[in-house]
Amino acid sequence: MIRCGLVVTTYERPDALARVLDALAAQSRPPDELLVADDGSGAATARVIEQHAARVGYSVRHVWQPHDGFRAGRARNAAIAQAH
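The structure contained in this document is the topic of the report that follows. (Residues numbered from 1 in each chain as written. Predicted model: local features only at pLDDT ≥ 70, side-chain atom pairs only at ≥ 80, totals over all residues. Heavy atoms only, no water.)

Looking at the overall build of the protein
Now for step 1: The secondary structure content of the protein amounts to three helices and three strands.
Now for step 2: Each helix (α) and strand (β) of the protein, taken in turn from the N terminus, gives the series β-α-β-α-β-α.
Now for step 3: Computed over the C-alpha atoms, the radius of gyration of the protein is 12 Å, within 12% of the 12 Å expected from 2.2 N^0.38 for a compact globule of 84 residues.
Now for step 4: For the C-alpha atoms alone, the extent of the protein along its principal axes is close to 40 × 25 × 15 Å.
Now for step 5: Residue burial in the protein is summarised as follows: out of 84 residues, 36% are buried.
Now for step 6: Considering only contacts in the protein between residues 6 or more positions apart, those separated by 24 or more positions represent 78%.
Now for step 7: Of the roughly 5100 Å² that the protein leaves accessible, carbon and sulfur atoms contribute 54%. (Helix = DSSP H or I, 4+ residues; strand = E, 2+ residues; numbered from the N terminus. Rg over C-alpha atoms; globule rule 2.2 N^0.38 Å. Buried < 20%, exposed > 50% of the residue type's maximum accessible area, 1.4 Å probe, protein only. Contact = heavy atoms within 4.5 Å. Areas by Shrake-Rupley, 256 points an atom, 1.4 Å probe, with all protein chains shown as cover.)

Given below as structure tokens:
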């Protein structure tokens, strides 16, 4: 079987991230790994990711960088670099 990884970018929208992760968990073929590329969100976002990781059967990693302006591309690249 082909392995599949997914990168989701986020910044300070834990409500929207929760919806994306809920939809992902409902897929008939979830990814083998999920990397959340975070451009400096706070504790609420970390909690959403932790809760999701606790209820799914695939690897979930929170790739966080400090917020220093809009650097979504940098966050996404950091997550891709950690993909297996």
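Section: the environment of Asn77
Now for step 1: Its place among the elements puts Asn77 in helix H3 (residues 72–82).
Now for step 2: Exposure remark for Asn77: the relative accessible area of 51% places this residue in the exposed category.
Now for step 3: When the C-alpha positions of Asn77 and Ala18 are compared, they lie 22 Å apart, and in sequence the two are 59 residues distant.

Describing the pairing of strand E3 (residues 59–64)
Now for step 1: Inspection of the sheet shows strand E2 (residues 33–38) paired to E3 by six bridges, in the parallel sense. From the neighbouring strand, Leu35 faces E3, where its bridge partner is Arg61.
Now for step 2: Taken together, E2, helix H2 (residues 43–55) and E3 constitute a β-α-β crossover, and its handedness is right-handed. (Pairing = 2+ DSSP bridges. Right-handed = clockwise from strand over helix to strand, strands pointing away.)

Here we look at the packing of helix H1 (residues 14–25) against H2
Now for step 1: Where H1 contacts H2, the axes come no closer than 9 Å and their chain directions differ by 15 degrees. Overall, the two elements H1 and H2 adopt an arrangement that is roughly parallel. In the packing of H1 onto H2, the handedness of the crossing is right-handed. For the pair formed by H1 and H2, the contact residues are Pro14, Leu17, Ala18, Leu21, Asp22 and Ala25 on the first element and Ala44, Thr45, Val48, Ile49, His52 and Arg55 on the second.
Now for step 2: Class assignment of the residues belonging to the contact of H1 with H2 gives a composition of eight nonpolar, two polar and two charged. (Axes fitted to C-alpha atoms, helices over the stretch in contact; angles between N-to-C directions. Parallel < 35°, antiparallel > 145°, perpendicular 65-115°, else oblique. Left-handed = near helix turned anticlockwise from the far one by under 90°. Nonpolar A, V, L, I, M, F, W, Y, C, P; charged D, E, K, R; others polar.)

A look at the sheet that holds E2
Across a sheet, paired strands are connected by hydrogen bonds in the backbone, their directions being either parallel or antiparallel.
Now for step 1: With parallel pairing, three strands are arranged side by side in an open sheet as E1-E2-E3. Each having just a single partner strand, strand E1 (5–10) and E3 make up the two edges of the open sheet. Each strand of the sheet is rotated relative to its neighbour by a mean of 20 degrees, with strand direction disregarded.
Now for step 2: In the sheet, E1 pairs with E2 via six bridges, with the strands oriented parallel. Among the inter-strand pairings, Thr10 is bridged to a residue of E2, identified as Asp38.
Now for step 3: H2 contacts E1, E2 and E3 of the sheet and is inclined by roughly 165 degrees relative to E3.

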